[in-house]
Amino acid sequence: MRRRTTAALLGILAASACGAPTCSRGACDRAAVVALAAELDALDTRAQEVTLRARLPELCALPPGLRRSFDDWEGRSQPLRSRAAIAELDAAFAVLCPDIERISTEVGALASRERAARIYDDCDLARLGIADRDDMLRNDYGQSFWVTYQWLLDQGIAPEVARALAPGLRATHRRFIATIEDHAPLELPAVDAPLTARPVGVRVELSTTAAVIDGRTIATIADGRITDGVEAHRVFGLDERLAEAVERQRQRAAGDLAATPEPVRIAADRRVRFAALVDVIFTAARRGVRDFALEVEVDAFDRAALPFELPPAAAARAALWVAVADDGAIALRSPERRSFTDPADLARWVEERCADGPSSAPAVLEPASSVDVGAITRLLVTLRGEACGDAPGPGCCFPRVAFAAPRE
């Protein structure tokens, strides 16, 4: 299911939007907020957005997380969502829709628009009076939009005033959207790290029982490995799908035979082994694919994609080379040789290594074929650091991480 979520606000609002009994009241200058709502009524959509972002922090004692979001309203820093923040956001939305856990389970298999419609109806979001059903489906408002409204109510702002601020909030939401793919019912790894949305491309889903390409089962999986529909690291259904993609792009490029295939995104159950990823990677690489991403869990409903690439032509071009043995032991092979028994020790070493800023050269991760996706994801996040997005900043260690796939 495709969800569009607010890139700048979603995570940050989780720290600010809370329900009773944790919220303190009286955090806003009510009279000034009423005046701001009246002022917004006379403005166009873009001006509403700019004015709301500029003025609301002056009128309300915003929590630190929400204030950071307003200060950086262009979303340049791509604030991340921690697991604690995700839990707060879910809890805040549950104030508006106490039965959301049951509803989400029941509608998990529905298409995006059908699921959004059911949530809107079953949660009776129409009662809030801030967005009708058609508006909800047209703009695909996420939890953050509704939670923002609830946060205003929690501060003692009258519902009619909070509703008057809603157009500015809607404009903000429409301005910052990112596409995230949901692969329920796969059990994907959960991570505490910044993720980046990837372009829509070829979807490969690896559960514990099957490999699915764009909704079509093409191979069986047993013991974490692809066991049927694969030969010499070639997954036949994926190979055919990529051949079609290359041909379409060749035609679009008016005869350019060097047209690059679509990106490949892999959603894998945490219990699937690296061997299965290897088959997918090698199949795609034969067709010229160089744009890969491993999709991981962001929260109960959302998925995002963590990019990776193929290893450099020579080990000397890598800034770091990390090998992971079958038993989980971590060995640093370059630029020095040392071992880590605890992934947290590697994380501390990487943080010290990247104190001067992001590396332009890739870090290479070489897992043994039996290492599971859950462990691989944690290491991938460790190597990327805490601020690797479209514009890597301080705290981002290796924006580029490559997989060295064993040819067994």
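Residues numbered from 1 in each chain as written. Predicted model: local features only at pLDDT ≥ 70, side-chain atom pairs only at ≥ 80, totals over all residues. Heavy atoms only, no water.

What follows covers the sheet that holds strand S13 (residues 330–334). The strand order S14-S13-S12-S15-S16 describes an open sheet built from 5 strands, whose pairing is mixed. Pairing within the sheet leaves two strands with one partner each, and these edge strands are strand S14 (338–340) and strand S16 (401–403). Here the strands of the sheet are splayed against their neighbours by 25° on average, with no regard to which way each runs. In this sheet, strand S15 (residues 363–367) lies alongside strand S12 (residues 320–324) in parallel orientation, the contact comprising 5 bridges. Bridge assignment links Val324 to a residue of S15, and that residue is Pro367. In the packing of helix H13 (residues 343–353) onto the sheet, contacts are made with S12, S13 and S14, and the angle to S14 comes to roughly 130°. (Pairing = 2+ DSSP bridges. Helix = DSSP H or I, 4+ residues; strand = E, 2+ residues; numbered from the N terminus. Axes fitted to C-alpha atoms, helices over the stretch in contact; angles between N-to-C directions. Contact = heavy atoms within 4.5 Å.)

Next up on the list: the nonpolar core. Among the nonpolar cores identified, the biggest contains 58 residues, and Val204, Leu206, Val264, Ile266, Leu277, Leu365 and Phe398 are the most heavily contacted of them. For this core, the element with the highest residue contribution is helix H12 (residues 274–286), accounting for 8 residues. Setting aside residues no more than four positions away along its own chain, Ile266 makes contact with Val204, Leu206, Leu277, Val280, Ala293, Leu294, Glu295 and Phe308. If you look at the next biggest cluster of nonpolar residues, it comprises 43 residues, including Cys123, Met136, Trp151 and Leu165. (Core = buried A, V, L, I, M, F, W, Y, C linked by side-chain atoms within 4.5 Å. Buried < 20%, exposed > 50% of the residue type's maximum accessible area, 1.4 Å probe, protein only.)

What follows is about the packing of aromatic side chains. Aromatic ring pairs: the centre-centre distance and the angle between the two ring planes describe each pair. Scanning the model with the defined rule gives 4 aromatic pairs in all. Considering the side-chain rings of Phe274 and Phe403, the 5.5 Å spacing of their centres and the 80° angle between planes classify their relative orientation as edge-to-face. Of this pair, Phe274 sits in helix H12 while Phe403 is found in strand S16, placing the two residues 129 residues apart along the sequence. With respect to burial, Phe274 and Phe403 carry one shared label: buried. Here the aromatic residues Phe274, Phe292, Phe308 and Phe403 are joined through ring pairs into a cluster of three or more. (Phe/Tyr/Trp six-rings, centres within 6.5 Å; stacked < 30°, edge-to-face > 60°.)

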